[in-house]
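Overview (structure and organization)
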Amino acid sequence: MEQKILGLLNEKYALKIQKVEAVTNEMFRCIANEGEFFARVTNYKNYEEQLEEVNYTSYLHKRGFGVSPVITSINGKVVENIPIDGRELLTVLYQAAPGIHLPRKQWDADVLKELGRQIGKLHHLSKQYEDKHPVKYIRDWHENEEYAFHKYIPKEETTIRNIAEEVVTTIKKLPKSTFNYGLLHGDLWLGNILVDKDLKLTMVDFQDCEKHFYIFDLAVPIYSAVEYSFVGGGNISDYRQQITQAIIKGYQEENTLSIEMIDQLPLFIKLKEIFEYSLMHMYWDQDKLTENEIRIMNHFRMRIEHDHSFLGA
């Protein structure tokens with residue numbers, strides 16, 4: 001697979017790529033004479049959706065926001081078709097972003113405050129982009145397959161299904177405006193953020209960008225930090241409170257966040273929990289679950305069924 005992609009990329013782009021290695025099923029690291037690049041090869045979204053996503057991130061890059069620039073093909077395209085095993089796959093080539101994935105213990109309040117500030121800046125730029133370029137193809141969050149909770153959560157899990165329906169219904173009924181709803185990243189877990197010197201952040205992987213309440217882009221990194229980055233040495237409730245306050249404070253330096261939406265933060269974190277649980281059913285082979293997968297699913301199931309509040313509210 002990697003060798004096929006290597007040859008096809010060298011045909012499509014004015015680069016001398018020497019090596020291609022898989023990072024995920026859809027993302028490939030490309031080592032070229034000109035530097036390091038990443039190729040996303042997927043039909044996860046159709047051509048129009050991917051083109052609109054790339055146009056959006058290119059707008060962000062041109063305004064100095066921390067995103068990876070897209071490389072244009074020799075045909076002048078930012079989204080290319082490449083044939084692999086009888087299928088036409090869509091490819092976007094990105095220049096590698098500066099920075100590193102921080103070790104878990106370094107995700108402290110200072111870093112997360114800067115992340116909040118950058119998210120605020122992102123949403124400010126998103127509003128400007130949508131004013132000039134009305135979104136036609138990127139969907140509203142609830143139209144995406146990953147939110148079809150009743151399709152993937154088993155019918156016998158009635159408690160979780162009822163909670164999922166209540167959460168989704170409640171969020172859909174929230175008042176929407178250009179101040180609280182629009183284009184966002186959609187998957188800002190800490191693995192999609194690179195940190196360079198002087199706390200310069202770069203956001204990667206906008207594949208899940210969608211139209212949603214802006215507060216969701218705050219809920220995801222808070223959820224991610226508590227779920228994956230707390231490594232002990234203190235009280236997890238204190239850590240949870242510190243990072244939540246830090247992200248919100250940073251955000252408010254760049255953008256407006258109403259008290260009404262801040263009050264809804266636990267609801268959106270609950271949406272993220274249900275989202276993750278549903279993905280386990282969507283992508284994991286339920287007949288071949290490992291002991292660790294079973295443990296994780298049971299942990300989520302108990303937390304959701306008992307309506308445990310992630311923020312301790």
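Above this note sits the structure.
Let us look at the structure shown here. (Residues numbered from 1 in each chain as written. Predicted model: local features only at pLDDT ≥ 70, side-chain atom pairs only at ≥ 80, totals over all residues. Heavy atoms only, no water.)

Summing up its helical and strand segments, the chain has ten helices and ten strands in all. The C-alpha radius of gyration of the chain comes to 20 Å, within 12% of the 20 Å expected for a compact globule of 313 residues. Long-range contacts, defined here as pairs at least 24 residues apart, represent 72% of the contacts in the chain between residues at least 6 apart. As presented, the chain carries roughly 15,500 Å² of accessible surface, and 49% of it is formed by carbon and sulfur atoms. In the chain, 37 side chains carry a positive charge and 47 a negative one; their mean positions are 3 Å apart. (Helix = DSSP H or I, 4+ residues; strand = E, 2+ residues; numbered from the N terminus. Rg over C-alpha atoms; globule rule 2.2 N^0.38 Å. Contact = heavy atoms within 4.5 Å. Areas by Shrake-Rupley, 256 points an atom, 1.4 Å probe, with all protein chains shown as cover. Lys, Arg positive; Asp, Glu negative; His and termini not counted. Charge placed at Lys NZ, Arg CZ, Asp CG, Glu CD.)

On to the nonpolar core. Of all hydrophobic cores here, the largest spans 70 residues; its most connected members are Trp 107, Leu 112, Phe 149, Phe 268 and Leu 271. Of the residues forming this core, the biggest block, ten residues, is contributed by helix H9 (residues 265-283). Every residue in contact with Leu 271, bar those within four places of it in the chain, is listed here: Trp 141, Tyr 147, Phe 149, Val 167, Val 168, Ile 171, His 212 and Phe 216. Counting residues in each nonpolar core, the second largest holds 19 residues, with Leu 8, Leu 9, Ala 39 and Ile 82 among its members. (Core = buried A, V, L, I, M, F, W, Y, C linked by side-chain atoms within 4.5 Å. Buried < 20%, exposed > 50% of the residue type's maximum accessible area, 1.4 Å probe, protein only.)

This paragraph deals with the packing of aromatic side chains. A complete count under the given rule lists nine aromatic pairs for this structure. Ring geometry for Tyr 56 versus Tyr 129: centroids 5.5 Å apart, planes at 55°, classification tilted. Remark: Tyr 129 occurs in helix H3 (residues 109-132) and Tyr 56 occurs in helix H2 (residues 47-62); sequence separation between them is 73 residues. By relative accessible area, Tyr 56 is classed as buried at 0%. A centroid spacing of 5.9 Å and a plane angle of 50° characterise the contact between Tyr 147 and Phe 149, whose relative ring orientation is tilted. (Phe/Tyr/Trp six-rings, centres within 6.5 Å; stacked < 30°, edge-to-face > 60°.)

Glancing now at unusual backbone geometry. Here the phi dihedral of Asp 85 falls at roughly 55°; this positive angle occurs in a residue that is not glycine. Take Asp 85: it is sitting in the loop between strand E5 (80-84) and strand E6 (87-95). Of note, Asp 205 is a non-glycine position whose phi angle comes to about 60°, a positive value. Relative to the assigned elements, Asp 205 resides in the loop between strand E9 (201-203) and strand E10 (210-213). What makes Asp 205 partly exposed here is its relative accessible area of 29%.

Moving on, we get to the side chain of Thr 202. Residue placement: Thr 202 occurs in strand E9. The exposure class of Thr 202 is buried, given its relative accessible area of 4%. Those residues in contact with Thr 202 that sit more than four places away from it in its chain are Gly 66, Val 67, Ser 68, Ala 97, Pro 98, Asn 192, Ile 193 and Leu 194.

Coordinates in, geometry out; function isn't part of it.
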